[in-house]
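Here are the chains, one letter per residue:
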Amino acid sequence: MSIRFKFIIINFILIIITVGPLAFFTLRTTEFKLGMKDIPEVEKAIESAVINTDEGAEKEEAIEALRKYRQMKALKTPIKREFIIFTLLLSAFIILFSTGLTILFTVRITKPLKKLEVAAKRLSQGDFPRIEGVFSRDEIGNLVRTFNNMSSALEKSKAKLVVAEREAAWKDAARSVSHEIRNPLTPIRLATERLREKASKDEESIKEVIFDTTSMILEEIENLDGIARSFSNFAKLPEPHKKMEDINNIIKEVSYLYSEYEGIEIETQLGKEIPEWPVDSDRLKEVFINIIKNSIEAMDGKGIIKITSWFDEKLSNVKISVEDNGCGFSVEPSMIFVPNFTTKKKGTGLGLAISKRIIEAHNGTIEARSKEGEGTEFIITIPKGVI
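Heads up: these notes are all about the structure in this document. (Residues numbered from 1 in each chain as written. Predicted model: local features only at pLDDT ≥ 70, side-chain atom pairs only at ≥ 80, totals over all residues. Heavy atoms only, no water.)

## Some points on the overall build of the chain
Next, step 1: In terms of helices and strands, the chain carries 8 helices and 7 strands.
Next, step 2: Expressed as a percentage of the 387 residues in the chain, the buried residues total 29%.
Next, step 3: When contacts within the chain are restricted to residue pairs at least 6 apart in sequence, those whose partners lie at least 24 apart make up 68%. (Helix = DSSP H or I, 4+ residues; strand = E, 2+ residues; numbered from the N terminus. Buried < 20%, exposed > 50% of the residue type's maximum accessible area, 1.4 Å probe, protein only. Contact = heavy atoms within 4.5 Å.)

## Quick word on a nonpolar patch on the surface
Next, step 1: Nonpolar side chains collect at one region of the surface, where Ile9, Ile10, Phe12, Ile13, Leu14, Ile16 and Ile17 lie side by side and expose about 660 Å² of accessible area between them.
Next, step 2: Locating leucine 14 in the fold gives a position in helix α1 (residues 3–32). (Patch = residues over 30% accessible without salt bridge, like charges linked within 9 Å, V, L, I, M, F, W, Y side chains within 5 Å. Areas by Shrake-Rupley, 256 points an atom, 1.4 Å probe, with all protein chains shown as cover. Salt bridge = Lys/Arg side-chain N within 4 Å of Asp/Glu carboxyl O.)

## Regarding the pattern of salt bridges
Next, step 1: With the rule as written, the count across this model stands at 8 salt bridges.
Next, step 2: A salt bridge links glutamate 117 to lysine 121; its shortest N-O distance comes to 3.7 Å. Of this pair, glutamate 117 and lysine 121 both sit in helix α3 (residues 57–124), 4 residues apart, which is roughly one turn of the helix.
Next, step 3: Taking relative accessible area as the criterion, glutamate 117 reaches 37% and is therefore assigned partly exposed.
Next, step 4: In this structure, lysine 243 engages glutamate 245 in a salt bridge whose closest nitrogen and oxygen atoms are separated by 3.8 Å.
Next, step 5: Taken together, the shared-partner salt bridges in this structure form one network comprising Lys114, Glu117 and Lys121.

## A closer look at the side chain of threonine 381
Next, step 1: Relative to the helices and strands, threonine 381 is located in strand β7 (residues 375–383).
Next, step 2: A relative accessible area of 10% places threonine 381 in the buried class.
Next, step 3: At 3.0 Å, the side chain of threonine 381 and the side chain of lysine 319 are in polar contact. (Polar contact = N/O pair within 3.5 Å; in protein donor to acceptor, adjacent residues only side chain to side chain.)

## Digging into the sheet that holds strand β6 (residues 365–371)
Next, step 1: Within the open sheet, the 5 strands sit side by side as β2-β4-β5-β7-β6. Their pairing is mixed. Strands at the two margins of the open sheet, each flanked by one partner only, are β2 (264–270) and β6. If you compare each strand with its neighbour and ignore which way they point, the axes differ by 15 degrees on average.
Next, step 2: Contacting β2, β4 (303–312) and β5 (317–324), helix α6 (residues 247–257) crosses the sheet at an angle of about 170 degrees to β2. (Pairing = 2+ DSSP bridges. Axes fitted to C-alpha atoms, helices over the stretch in contact; angles between N-to-C directions.)

## Structural notes on unusual backbone geometry
Next, step 1: For serine 316, which is not glycine, the phi torsion reads 55 degrees and is therefore positive.
Next, step 2: Among the structural elements, serine 316 can be located in the loop between β4 and β5.
Next, step 3: Using a relative accessible area of 32% as the deciding quantity, one classes serine 316 as partly exposed.
Next, step 4: Despite not being glycine, asparagine 363 has its phi angle at roughly 65 degrees, a positive value.
Next, step 5: By the secondary structure assignment, asparagine 363 is in the loop between α8 (351–361) and β6.
Next, step 6: For asparagine 363, a relative accessible area of 55% corresponds to the exposed category.

Here it is as structure tokens:
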């Protein structure tokens, strides 16, 4: 029950308590105090006195008494009506005055509380609002000022946290780049030393050694190039260019790419009720490709991947599930989206991190559910944002 409704009920009870007794008391006073009760015997007695009294002063007094009585009797209805009108006007004034005070106090209390409710919702969504226009010095005003101070403090804390996170991210990226680059550099160095050794001995098999060594060097250079591209994509992920797209068609296109993959079976169960949705199709394809590649590697190149899509009309969002029957993982699910985290022997650990950033750029969410030895399920939720 809202505060406003409670005030209305209290006001109604107060009106009944005050106006009811007032009306009853006024009507009773009209009857008794002003002598307005009908008593037929009194009038008959006065008439009998007028008739039976001899001429003189007593008869004149009896006639005057009868006249006044009949005047009072004639005035009974108008006077009673005046008292009723007075009671009604007084009651109406009390009702209006009480209702006005109730509305005034209700607005004074509920308006700041409504602002506080809206601001709290914005705060929960990551904004840091300030409530303006509340200057009272009562408990409500103190509550609003406390909220404003808390919002400002949280904004400053978030700014400091962002700086700290950026510094930590750069440190992690530097360590990761150093580690990933050092891995291919080691075989390149060993191959070069072997090549020099063969050349110094002037052996006849030098051509074969050169061919094998340069092939291996080129392969490692390709690995280095892939590492560099992965970090570049993660660092410079562009804003999505959204258009109204058929998400089911995007899923079908990606599924077709892997339909001939030996040992992998892709099953799709796509909701027919899904309307066109504002997404960047290229970025969304990249997300599906990253997830399917992870699933294939988790299944050692053999297994079933099931892709399901549906429309949640109540929440107005599209959901996509990508499920495999691979080995799963035992770590905290949120960890697999952390940059540079990987459970594979090779890889930069950026594929799922990039996928998470793409989905978040669509104001959506991506989560993973997994049990070791039973497989993994990725659930993507995309709300209907603005193009």
